[in-house]
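Survey of secondary and tertiary structure
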Amino acid sequence: AQSVTQLGSHVSVSEGALVLLRCNYSSSVPPYLFWYVQYPNQGLQLLLKYTSAATLVKGINGFEAEFKKSETSFHLTKPSAHMSDAAEYFCAVSGDTGGFKTIFGAGTRLFVKA
Amino acid sequence: EPEVTQTPSHQVTQMGQEVILRCVPISNHLYFYWYRQILGQKVEFLVSFYNNEISEKSEIFDDQFSVERPDGSNFTLKIRSTKLEDSAMYFCASSDRGRHEQFFGPGTRLTVL
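Side note on the nonpolar core
Ranked by internal contacts, the top residues of the largest apolar core, which has 27 residues, are W35, L48, F74, L76 and Y89 of chain A. Apart from residues no more than four positions distant in its own chain, L76 of chain A is found in contact with V19, L20, L21, W35, L47, L48, F63, E64, A65 and Y89 of chain A.

Structural data, given as structure tokens:
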């Protein structure tokens, strides 16, 4: 079975500081990994995805994530936080089952201080 | 750019009533999904659907729930007799290949009174 663990339910950074949101996964098959962002009262927007190509994945809004198989991690980073980055971020994994469901982590709420 | 659409955006119903949530997946996609997110919690998988049948369902997806693709474009989730705990945001998603990116709709917020 697949699972995702997001370390830290809340992360607070200052504007301009590095953003690091942690995600570890468990999967019995090579995983497909995703980061989604959710702004208040809105749907899920895909930030980036890993689908077994390059291990360093670049996404929208300056975010990137690195797939590290040895550490079973897929941490999300952004060099310089912007106030508009404040949102809930979900790491997700898919592909383990015939139904191809996506398993989401519990989410990390990012706060950006001025 | 093609997108998944969902209607209504907000549905309010009385406990015990039936509701149908509607989704129009991206037109050439073959795999369809429903997820739900209770307020303040994570997104949970409900059911996946392929080739006109359920591929997989979670423990949440009990006999009160059903899905249907009544025509070539719509994908619906029916809750037969709603409970207070069914109040949540329900997301529809679709994908062209099973393990690849799923495209999510904007969600339907269901409120059961």
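From this point, the narrative continues.
Considering the interface of chain B and chain A
Of the residues lining the interface, 20 residues belong to chain B; the matching set on chain A comes to 25 residues. Both sides of the chain B and chain A interface together cover about 1800 Å² of buried area, and 55% of this is carbon and sulfur. Linking chain B to chain A there are 2 salt bridges. Taking the shortest distance from any N to any O, the salt bridge between E101 of chain B and K49 of chain A comes out at 3.0 Å. Counting only elements with at least two residues in the side of chain B that touches chain A, the list comes to β4 (31–37), β5 (43–50) and β6 (53–57) of chain B. Partitioning the side of chain B that touches chain A into residue classes produces 8 nonpolar, 7 polar and 5 charged.

Quick notes on the sheet that holds strand β7 (residues 65–68) of chain B
Residue and element names in this part refer to chain B. Taken together, 4 strands build an open sheet; the order of strands is β1-β3-β8-β7 and the sheet is antiparallel. Of all strands in the sheet, those bounded by a partner on one side alone are β1 (5–7) and β7. Averaged over all neighbouring strand pairs, the angle between strand axes comes to 20 degrees, with direction disregarded. Two strands pair when backbone bridges link them, and β7 and strand β8 (residues 75–79) are joined in this way by 4 bridges, in the antiparallel orientation. Looking across to β8, one finds that S66 is bridged to K78.

A closer look at the pairing of strand β11 (residues 108–112) of chain B
Residue and element names in this part refer to chain B. Only one face of β11 is buried, namely the one carrying T108, L110 and V112, since none of R109 and T111 on the opposite face is buried. Summarising the sheet, strand β2 (residues 10–13) and β11 pair through 4 bridges and their orientation is parallel. By the bridge assignment, T13 is partnered in β11 with V112. Across 3 bridges, strand β9 (residues 88–95) lies against β11 in antiparallel orientation. The partner of Y90 across the bridge, within β11, is T108.

Observations regarding the side chain of S94 of chain B
All names here are of chain B. Following the sequence through the fold, S94 ends up in strand β9. In this structure the side chain of S94 is engaged in a polar contact, spanning 3.4 Å, whose partner is the backbone nitrogen of I26. Not counting chain neighbours up to four residues away, the residues in contact with S94 comprise V4, P25, I26, H29, Y31, F32, Y33, E101, Q102 and F103.

So, the pattern of salt bridges
Residues and elements named next belong to chain A. One pass over the structure, following the stated rule, counts 6 salt bridges over all chains. Where K58 meets E64, a salt bridge forms, and the shortest distance between an N and an O atom there is 2.8 Å. Taking the relative accessible area as the measure of exposure, K58 reaches 62% and is therefore exposed. Judged by relative accessible area, which is 24%, E64 ranks as partly exposed. With a shortest N-O distance of 3.1 Å, E88 and R109 are connected by a salt bridge. Placement of the pair is E88 in strand β9 (residues 87–94) and R109 in strand β11 (residues 108–113), with a sequence separation of 21 residues. Taking relative accessible area as the criterion, R109 reaches 30% and is therefore assigned partly exposed.

What counts and how
- Each chain has its residues counted from 1, running along the sequence as written.
- For naming, the first written chain is A and the first written ligand is 1, with later ones following in the order written.
- It should be noted that, the model being predicted, local features are given only for residues of pLDDT at least 70 and side-chain atom pairs only at 80 or more, the latter also being counted only at that level, while totals for whole chains, interfaces and linings use all residues.
- The side-chain values count all of the structure's non-hydrogen atoms but skip hydrogen atoms and water molecules.
- Put simply, a nonpolar core is a bunch of buried Ala, Val, Leu, Ile, Met, Phe, Trp, Tyr and Cys residues held in one set by side-chain atoms that sit within 4.5 Å of each other.
- When a residue's accessible area, from a 1.4 Å probe over protein chains only, is under 20% of the maximum for its type it is buried; when over 50% it is exposed; and in between it is partly exposed.
- Residue contacts are defined here by distance: any two heavy atoms, one from each residue, within 4.5 Å place the two residues in contact.
- As a working definition, buried area equals the accessible area (1.4 Å probe) given up by two parts on being put together, with both sides summed.
- Whenever a carboxyl oxygen of Asp or Glu lies within 4 Å of a side-chain nitrogen of Lys or Arg, that contact is scored as a salt bridge.
- Secondary structure elements follow DSSP: runs of H or I no shorter than four residues count as helices, runs of E no shorter than two count as strands, and numbering proceeds from the N terminus.
- Three categories are distinguished: nonpolar for Ala, Val, Leu, Ile, Met, Phe, Trp, Tyr, Cys and Pro, charged for Asp, Glu, Lys and Arg, and polar for the others, with Gly belonging to the last.
- Think of it this way: DSSP has to see at least two bridges between two strands before they count as a pair.
- Note on method: axes are straight lines fitted to C-alpha atoms, helices fitted across the in-contact stretch only, with angles between N-to-C directions ranging 0 to 180 degrees.
- In protein, a polar contact requires one atom able to donate a hydrogen and another able to accept it; more generally it is a pair of N or O atoms within 3.5 Å, and residues adjacent in sequence count only if both atoms are side-chain atoms.

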